[in-house]
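Residues per chain, in single letters:
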Amino acid sequence: MVLEGKSVFGGIAIGRLSIYNKKENQVKRGKITDVEAEITRFTDAKETAKEQLKGFYEKAVKEVGEVNAAIFEVHQMMLDDLDYVESITNMIRTQEVNAEFAVASTGDNFSKMFAAMDDDYMKERAADVKDISNRVISILQNAENGSVTGEKPVILLADDLAPSETVQLDKSKVLSFVTRHGSTNSHTAILARTMNIPALIEVDIKEEWNGKMAVVDGYTGTFYIDPDEDILKKMQEKKEEDIKARELLQELKGKEDVTVDGKHIKLYANIGGVKDVASVLANDAAGIGLFRSEFLYLEADNYPDEEAQFQAYKTVAENMAGKKVIVRTLDIGADKQVDYFNLDHEENPAMGYRAIRICLDRRDIFRTQLRALLRASAYGNIGIMYPMIISVDEVKEIKKIVESIKTELTEKGIEYGEVEQGIMIETPAAVMISDLLAEEVDFFSIGTNDLTQYTLAIDRQNSKLDNIYDSHHPAVLRMIQKTIENGHKAGCWVGICGELGADMTLTETFLKMGIDELSVSPTFVLPIRKLIREMSTK
């Protein structure tokens, strides 16, 4: 039998199928006599659940990095959500029901509420609230969580896997997982990719498959059940080729990023936080081309102060040992919202109050970040990059602010280093005046995600427009070419830090255009290095 699913992560897995032994929490409504004792039972179970999630977070940080582990911090916060807690305690108090029933009912109600929302991010929260509710119920019932049984590694089948279930899996026993539900952008999918587990979603799973031999082809999204000898042989060969290819890539560590005809390129990596530096070093990137500093704000309950930011930037700069670290200043707004910023609802947030517009309006936030960055520059090779620029006046104003902060630091005897300043080119306006902007800055970094969105007038969050969202559109490529040419005329180096930088069908095109730098996810560094070293730009 051959089925098609949606791939979450590439790779080949061959082995027996095993249905995930998820323990279902059977909850019955019960009448209680001591309301306060029952509320205490719930509160104690909630606190135990938070402790468990804290442990999952610490485990996930080591395995998949701080950014990908953040879901477990989100789950801890959800457990303390006032509406959620009050709904449960009020049900116990007014209906005199057992805690298990109150948690299950509230979990179902909140899950349905999230699922009905017209927002993909909020829909994803439906699974999260079910996950935390099931965890509390399991603790109240002293029930064990699901697990993988048996000694031999298996291809795991599940209706769906919550993030906490995924991180608890004994990876030595899991070759792959295949689920009926889930999405390619879910937290579980992100964890699967980071943990290097080949995975498929949207497969109509059957109980009778349990124990059968199967193959998961994560590259094509194909799922083979009871494959014949020919298929098994082909897939085994494909798997061996995959292993050899990965081993060969390791041999590229320490090699130069240079084409056959001698063109050198800076091959950098994108990160979201301090913990991601380990992946940058493991994949031998020449530097960090995009440190998304907004994650320091997204992961905090309030504005991160100067000292907290300084320590983060300093740690990354020191760990990179003199290699370039380019930090993008706060890029909040649009699809990245932070409650404590108290941003107004906008009909079109992608074109609204965001990024540098917030920073130039709320100068105290901006100055705090810039002071932290300048102080950290004394400990490494830091560059600062400003997002969503549309005018020369903005750049001149930013440079004035930077100079005033340098003066403050000098007066206080605080050291800072030489800092390159650059801008993101992600609006058509910035492209069209890139000749003027290049006179003001040291470098450009092209943010192809937003540049494509704004050039084509297509909201990249709108799945209905996926069929016409074309990052290879001639207009987008001409924008990139124009930016490179205008930057070089003024002695400004030009890079790409958007998703298109990792599109290996365009690597040769970018090099022939004259791009100086590509900044990609760490795992793409060695494959792109291999490609660069095999191509000629003439």
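Residues numbered from 1 in each chain as written. Predicted model: local features only at pLDDT ≥ 70, side-chain atom pairs only at ≥ 80, totals over all residues. Heavy atoms only, no water.

Draft legend 1. Seen up close, the overall build of the protein chain. Each helix and strand counted, the protein chain has 20 helices and 16 strands in total. Put simply, the protein chain has 538 residues, and 51% of those count as buried. Nonlocal contacts in the protein chain, meaning residues at least 24 apart in sequence, comprise 68% of its contacts between residues at least 6 apart. For the protein chain, the accessible area works out to roughly 24900 Å², and carbon and sulfur atoms hold 49% of it. (Helix = DSSP H or I, 4+ residues; strand = E, 2+ residues; numbered from the N terminus. Buried < 20%, exposed > 50% of the residue type's maximum accessible area, 1.4 Å probe, protein only. Contact = heavy atoms within 4.5 Å. Areas by Shrake-Rupley, 256 points an atom, 1.4 Å probe, with all protein chains shown as cover.)

Draft legend 2. Summary view of the pattern of salt bridges. What the rule picks out here adds up to 30 salt bridges. Residue Lys6 pairs with Glu202 through a salt bridge whose shortest N-O separation is 3.5 Å. Here Lys6 is found in strand β2 (residues 6–9), whereas its partner Glu202 is found in the loop between β6 (199–201) and β7 (213–217), with 196 residues between them in sequence. With a relative accessible area of 39%, Lys6 lands in the partly exposed category. For Glu202, a relative accessible area of 44% corresponds to the partly exposed category. Notably, a salt bridge pairs Lys50 with Glu47, separated by 3.6 Å at the nearest N-O pair. Of this pair, Lys50 and Glu47 both sit in helix α1 (residues 35–64), separated by three residues, roughly a single helical turn. (Salt bridge = Lys/Arg side-chain N within 4 Å of Asp/Glu carboxyl O.)

Draft legend 3. Summary view of the sheet that holds strand β8 (residues 222–225). Reading across from one edge, β1-β8-β7-β3-β4-β5-β6-β2 is the order of the eight strands in this open sheet, with mixed pairing throughout. Single-partner strands in this sheet number two, and they are β1 (2–4) and β2. Adjacent strand axes in the sheet meet at a mean angle of 30° when their direction is disregarded. Note that strand β5 (residues 174–179) and β6 share two bridges and pair parallel. Among the inter-strand pairings, Val178 is bridged to a residue of β6, identified as Leu200. (Pairing = 2+ DSSP bridges. Axes fitted to C-alpha atoms, helices over the stretch in contact; angles between N-to-C directions.)

Draft legend 4. Geometry of the sheet that holds strand β10 (residues 288–292). Strand order in the closed barrel formed by eight strands is β9-β10-β11-β12-β13-β14-β15-β16, with parallel pairing between adjacent strands. For this sheet the average axis-to-axis angle between neighbouring strands, irrespective of direction, equals 25°. Sitting on the sheet, helix α14 (residues 392–411) is in contact with β12 (381–386) and β13 (420–425), with an inclination near 150° to β13.

Draft legend 5. How the structure looks around the packing of aromatic side chains. Counting across every chain of the model gives six aromatic pairs. Taking 5.9 Å as the distance between ring centres and 70° as the angle between the ring planes, the aromatic pair formed by Trp209 and Phe223 counts as edge-to-face. With Trp209 in the loop between β6 and β7 and Phe223 in strand β8, this pair connects stretches of sequence that are 14 residues apart. Seen in terms of ring centroids, Phe291 and Tyr313 are 5.8 Å apart; in terms of plane orientation they differ by 75°. Their pairing is edge-to-face. In this pair, Phe291 is assigned in strand β10 and Tyr313 in helix α11 (residues 306–319), connecting sequence segments 22 residues apart. The burial state of Phe291 is the same as that of Tyr313; both residues are buried. Against the face of Tyr379 rests Lys314, its NZ or CZ located 5.0 Å from the ring centre. (Phe/Tyr/Trp six-rings, centres within 6.5 Å; stacked < 30°, edge-to-face > 60°. Lys NZ or Arg CZ within 6 Å of the ring centre and 35° of its normal.)

Draft legend 6. Structural view of the nonpolar core. In terms of nonpolar packing, the biggest core is built from 84 residues, with Tyr386, Ile480 and Phe510 touching the most fellow members. Residue contacts for Tyr386: discarding those within four places in its chain leaves Thr329, Ile356, Phe366, Leu370, Ile398, Val402, Gln421, Gly422, Ile423 and Met424. Formed by 36 residues, the second largest nonpolar core is a distinct cluster that contains Val35, Ala99, Ala102 and Ile132. (Core = buried A, V, L, I, M, F, W, Y, C linked by side-chain atoms within 4.5 Å.)

Draft legend 7. View of the pairing of β10. Burial within β10 is extensive, with four of its five residues counted as buried. Relative to β10, strand β9 (residues 266–271) runs parallel, the two being bridged by three bridges. Looking across to β10, one finds that Ile271 is bridged to Phe291. Handedness of the β9-helix α9 (residues 277–282)-β10 crossover: right-handed. When β10 meets strand β11 (residues 324–328), the two strands line up parallel, connected through three bridges. By the bridge assignment, Phe291 is partnered in β11 with Val327. (Right-handed = clockwise from strand over helix to strand, strands pointing away.)

Draft legend 8. Broad picture of the pairing of strand β3 (residues 12–19). Within β3, seven of the eight residues are buried, which leaves the element mostly enclosed by the surrounding structure. In this sheet, β7 lies alongside β3 in antiparallel orientation, the contact comprising five bridges. Within the sheet, the bridge partner assigned to Gly15 lies in β7 and is Ala214. Here β3 runs beside strand β4 (residues 154–158); their pairing, made up of three bridges, is parallel. In the sheet register, Ile19 faces β4, and the bridge partner there is Leu157.

Draft legend 9. Structural view of α11. Between its terminal C-alpha atoms α11 stretches 20 Å, which fits the 20 Å expected from 14 residues at 1.5 Å a residue. Taken together, the buried positions of α11 are Glu306, Gln309, Phe310, Ala312, Tyr313, Lys314, Val316 and Ala317. The backbone nitrogen of Glu307 lies 3.3 Å from a side-chain oxygen of the residue at the head of α11, namely Asp305. Immediately beyond the C-terminal end of α11, within one or two residues, lies Ala321, with a positive phi of roughly 45°. (Expected span 1.5 Å × (residues − 1). Polar contact = N/O pair within 3.5 Å; in protein donor to acceptor, adjacent residues only side chain to side chain.)

Draft legend 10. Looking closely at α14. For α14, with 20 residues, the first-to-last C-alpha span of 29 Å sits near the 28 Å given by 1.5 Å per residue. Contacts made by the buried residues of α14 are with α12 (356–361), α13 (363–376), β12, β13 and α16 (434–437). At the C-terminal side of α14, Gly413 shows a positive phi close to 75°.

By themselves, these figures tell us nothing about what the structure is for.
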